[in-house]
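For reference, the chains in residue letters:
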Amino acid sequence: MNNYNPQEIEKKWYDFWESNRFFSPDLSEADETYTIVIPPPNVTGFLHIGHALVNTLQDVLIRWKRMSGFKTLWLPGTDHAGIATQMVVERELRKKGIEREELGQEKFVEEIWKWKEQSGNMIFKQLRRLGASCDWERERFTLDEGLSKAVRKSFVDLYNEGLIYRDDYIVNWCPNDKTALSDLEVDHTDKDGTLTYIGYPLEDGSAELVVATTRPETMLGDTAVAVNPNDERYRELIGKTIRLPLVGRMIPVIADEFVDPEFGTGAVKVTPAHDPNDFQMGIRHDLPFVNIFTKDARINDVFKPLEGQDRFEARKNIVELLKQEGVFRKVEKHPHSIGQCQRCKTVVEPRVSTQWFCKMKDMAEASLKAMNEGKIRFIPENQGRIFEEWMSNIQDWCLSRQLWWGHRIPAWYCDDCDEIMVTEEQEVTTCSKCGSNKVRQETDVLDTWYSSGLFPFSTMGWPDDTRDLEIFYPNSTLITAYDILFFWVARMVMLGIKMTDEIPFPEVFLHGLVRDENGEKMSKTKGNVIDPIDVVEKYGADALRFTLTSLTVMGRDIKLPEKIIEGNRNFINKIWNATRFTLSHIERLGTAKNLTDAAPGIFDRWIIKRFNKAATDVNRYLKEYRFNEAAKAAYAFVWHEFCDWYLEVVKPMLFGKLGDEACQASLSVLYHTLEASLRLLHPIMPFVTEELWQALPTSDGTIMLAEFPNELIGIGAEDQRAETLIDMVGVVRNIRGENNIKPNVKIDLLAVTRNKQLTEDLTSFREIVASLAGVKSVEVLESINKSEGLAGGVGKEFEVFVDLRETIDVAQETNRLEKEKTKLEAKQAQIRKKLANDSFIAKAPEAVVQKNKDELDELTAKIEKIDENLKTMQSM
RNA sequence: GGGCGCUUAGCUCAGCUGGGAGAGCAACGGCCUUACAAGCCGUAGGUCACAAGUUCAAGCCUUGUAGCGCCCACCA
């Protein structure tokens, strides 16, 4: 069994962690805390790739901080998700032939709860498979008693302060869901449409005013025609009366600055009850509001001939009627934007109705102030500007929804005296004003985002004064996708400041959206959905986590091709095998069990130094939310430094070619570097690291509570000695590769060194160089008498030659040398030019100048040697 | 209409405060070398969209141009 098999280990370790309560913070110790509150998924939800991403990132941070000694809490919860859930359950019931209306609100809500008990929280089971280290003991739900109390408390407070009010207003109405929507819940798309021109005759029959409209059917609700006051063409008509075709209503011609004389005919029909602009005009000019639609957007009884017709049907039919009446003038193509319900895609109908609103301006200003004072920081930064833009142009928030699933608005109406009582009490039976007991509770519920807006503190027990609130609020950071910046983040910031006087979190990291390999949004209809659970089953959770982490770049969406996941699975396999190799030799580790007991050689010190650099980088990158860089740093170290070089260096030691002491030292360094590497990788790939770490003889407990590495052990001054030997191996491999010398052809290496240290090192470690370079012997020389058949390479402090008399292809070797020379000469020319520039010498920092000079010397020396080698070739 | 981005190797993309153009995948050549063929070694490939500017020095800073994308907005 050489390969890693995730299925065998993942469940085992998750159960181990959970049953040992490793996810729950120990409140008895007063460590520094680190808190993340989950973006609550819908109770009805199934894990999609976006969840996999956001929760992987949170888990990486949480595990990293937990290992770094913080008291960490990752609090999970779900959102009741008003419309979405109601729709799902409605659909389920319809399958059984039951309509929501038959059941009534109470029964229906009971059904949803039942459904939630059965199928809800599926997503948390799936999150466990991802490895999410949430504290499941603190799981919350937005409709829990505690969170509901927070909703009531905040609502009442805001109402008493005058920030929440009830008013008649034109709102976005979904005729399918039969509820009001907030502006954010409406998606706008450009669609082909038409512009219909209709002639409206003046009352006295003297003329007609032609208006243009995209929605001719709304003319039934017209209560005016507007023109721009400065429009010469129509100045005479202002104040005159028009007879509305088909309906016969007398309506005035009004003047309003809103009208654009350039558009259409410059005259606009005004339908205050069915268009947001017209609504405003209606208020400005005190016009009547004629509602022409039922709640499901059919023509109501205002116009009998079309009564009961759907608005789109009516649109066609009314044109016919207008033609019959002789007022239809023409129709043009006219693309325009239409609003659709975010949930059901039905075209939204603006509708005047009584709704509850929240004033946003002051809260938005407070949020902007907090941001400008640096109390809240967005990562990436440009998201802060988007936040600012939105906050600066904020509109009041329509809070009420004509749904049944959600927090019922805590308001009661008295039918006798019309008193409105807004109170935290859950049972109101008598009117506080007139004593009547004809009181009834508001049936509307709150926008689902209202309760999630309280999530950072309602989950901690607010409004009560709880220990959790004290310890874990404000949260440390918020991780979420940028597409809910306004829906959720903005609301949390505003409500957080308002209700608790504190910013709910000082940092917000907004990640991109996961798309398919062609950059398309994933959707079931397109069939390009990647199911994270499928990925987990095929490649393992760690491969998925590593992939998502390594693709998380600031401010960019993520394309996810399967190939990348496969490559990262291979990386895990690499670690798996490196560990197997190490363990297979570990019993030979005698005295030098502790790293500090070992007397590390130059390669040992080199790998420790490389590890220290990787660990420092990973820590820094995670701190900066540069997930991709953190993953890359760990990957590059483990694969390309630890496995590619160090493991190969160690092999000759293990075979006893350099003596027992060196072997012991390297074995110790090998072991401890591996062990530390597992800890370094754990936050990103928890399962495989736990599995391997548990197999180590020194491990105790769990890797998830082991210390996150910083520096393995301090290594003193810069040590280039190993690098030089590594460089030499590279030069020899290049000669081999380019000359197509088969690995089984063992050649002798002649090395000419230019300094004493290198001579010593090469002598001591010739076995290692021989092993890595695939040569049978290494002869260390101070100079060489070149003879035929020697192919040579040049390094900074050495030249190497191999005897190729048997295999040499002179043409090929000459070609190789010439290519090398050309490359070096180009570089040389560049640097010469730079150094010839007086301003460069004068103005560039001394270190930069010196570096260039050194490099030039090195290049010149190398080129000289290559020339010599070329001569040798020519003589053959 | 306003705002925010993107353009770097065949593909997907990194590149933080200006000083070496990089990774993964794909390609090419060679290897079952005693952890790993889910692997190893070697090689090739780029006017960093275009133009101008600042600078000793620009993929990176400034301005403009072109193409692409996203978000917001009440133009009938």
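Residues numbered from 1 in each chain as written. Chains lettered and ligands numbered in written order. Predicted model: local features only at pLDDT ≥ 70, side-chain atom pairs only at ≥ 80, totals over all residues. Heavy atoms only, no water.

Caption draft 1: Structural detail: the side chain of T480. When you line up the elements, T480 lands in strand β24 (residues 477-481). Among all residues touching T480, those that are not within four sequence positions of it are P39, V54, W488, V489, F509, L510 and H511. (Helix = DSSP H or I, 4+ residues; strand = E, 2+ residues; numbered from the N terminus. Contact = heavy atoms within 4.5 Å.)

Caption draft 2: Here's a closer look at the protein's contact with RNA strand B. Neighbouring RNA strand B are 60 residues; F263, N277, R556, R580 and K843 lie closest to it. Per the 4 Å cut-off to the protein, sugar and phosphate atoms form 63% of the nearby atoms of RNA strand B. Within the side chain of N3, an N or O atom sits 2.7 Å from a base nitrogen of RNA strand B. The contact in question runs from a sugar or linking oxygen of RNA strand B to an N or O atom on the side chain of N382, over 2.7 Å. (Near = heavy atom within 4 Å. Polar contact = N/O pair within 3.5 Å; in protein donor to acceptor, adjacent residues only side chain to side chain.)

Caption draft 3: Structural view of unusual backbone geometry. A cis amide bond links I379 to the next residue, P380, at an omega of -5°. Along the polypeptide, P380 turns up in the loop between β17 (377-379) and α10 (382-392). Put simply, W462 and P463 share a cis peptide bond, and its omega is 10°. Even without being a glycine, R21 presents a positive backbone phi close to 60°. Counting through the fold element by element, R21 comes out in the loop between α1 (7-19) and β1 (33-37).

Caption draft 4: Highlighting the sheet that holds strand β22 (residues 439-441). Reading across the sheet, the three strands line up as β21-β20-β22 and stay open at both edges, with antiparallel pairing between neighbours. Each of the sheet's edge strands pairs with one partner strand only, and the pair in question is β21 (420-422) and β22. With strand direction ignored, the average angle separating the axes of adjacent strands in the sheet is 25°. Across three bridges, the pairing between strand β20 (residues 411-414) and β22 is antiparallel. Residue pairing across strands places W412 opposite Q441, the latter belonging to β22. (Pairing = 2+ DSSP bridges. Axes fitted to C-alpha atoms, helices over the stretch in contact; angles between N-to-C directions.)

Caption draft 5: How the structure looks around the state of the cysteines. With the rule as written, the count across this model stands at zero disulfides. Among the cysteines around C414, which has no disulfide bond, C434 carries the closest sulfur, lying 3.6 Å off. In this structure C414 comes out as buried when scored by relative accessible area, which is 2%. You can see C643 has no disulfide; the closest cysteine sulfur is in C663, sitting 19 Å from it. C643 gets classed as buried once you look at its relative accessible area, which sits at 6%. (Disulfide = S-S within 2.5 Å. Buried < 20%, exposed > 50% of the residue type's maximum accessible area, 1.4 Å probe, protein only.)

Caption draft 6: Broad picture of the pattern of salt bridges. As enumerated under the stated definition, the model contains 57 salt bridges in all. Measuring nitrogen to oxygen at the nearest pair gives 3.4 Å for the salt bridge that ties K95 to E92. Of the two residues, K95 and E92 both sit in helix α3 (residues 82-95), three residues apart, roughly one turn of that helix. As a salt-bridge pair, E161 and K498 come within 2.9 Å of each other at their nearest N and O atoms. Of this pair, E161 sits in the loop between α6 (145-160) and β5 (164-174) while K498 sits in helix α14 (residues 485-500), and the two are 337 residues apart along the sequence. (Salt bridge = Lys/Arg side-chain N within 4 Å of Asp/Glu carboxyl O.)

Caption draft 7: Layout of helix α20 (residues 660-681). Between the first and last C-alpha of α20 there are 31 Å, a value that for 22 residues agrees with the 32 Å anticipated at 1.5 Å per step. Across the 22 residues that make up α20, a large majority, 19, are buried. (Expected span 1.5 Å × (residues − 1).)

Caption draft 8: Representation of the environment of I530 in the model. With respect to the secondary-structure elements, I530 resides in the loop between β26 (514-515) and α15 (532-539). Remark: the alpha-carbon pair of I530 and I49, spanning 481 residues in sequence, is separated by 6.6 Å. Dropping the residues within four chain positions of it, I530 is found in contact with I49, M522, V535 and L560.

Caption draft 9: Expanded view of the sheet that holds strand β6 (residues 179-181). The four strands lie next to each other as β6-β5-β16-β18, forming an open sheet whose pairing is antiparallel. The open sheet has two edge strands with one neighbour each: β6 and β18 (397-398). When β5 meets strand β16 (residues 349-358), the two strands line up antiparallel, connected through ten bridges. Counterpart to W173 in the pairing with β16 is E349. Set on the sheet, helix α7 (residues 276-285) makes contact with β5 and β16; between it and β5 the angle comes to about 140°.

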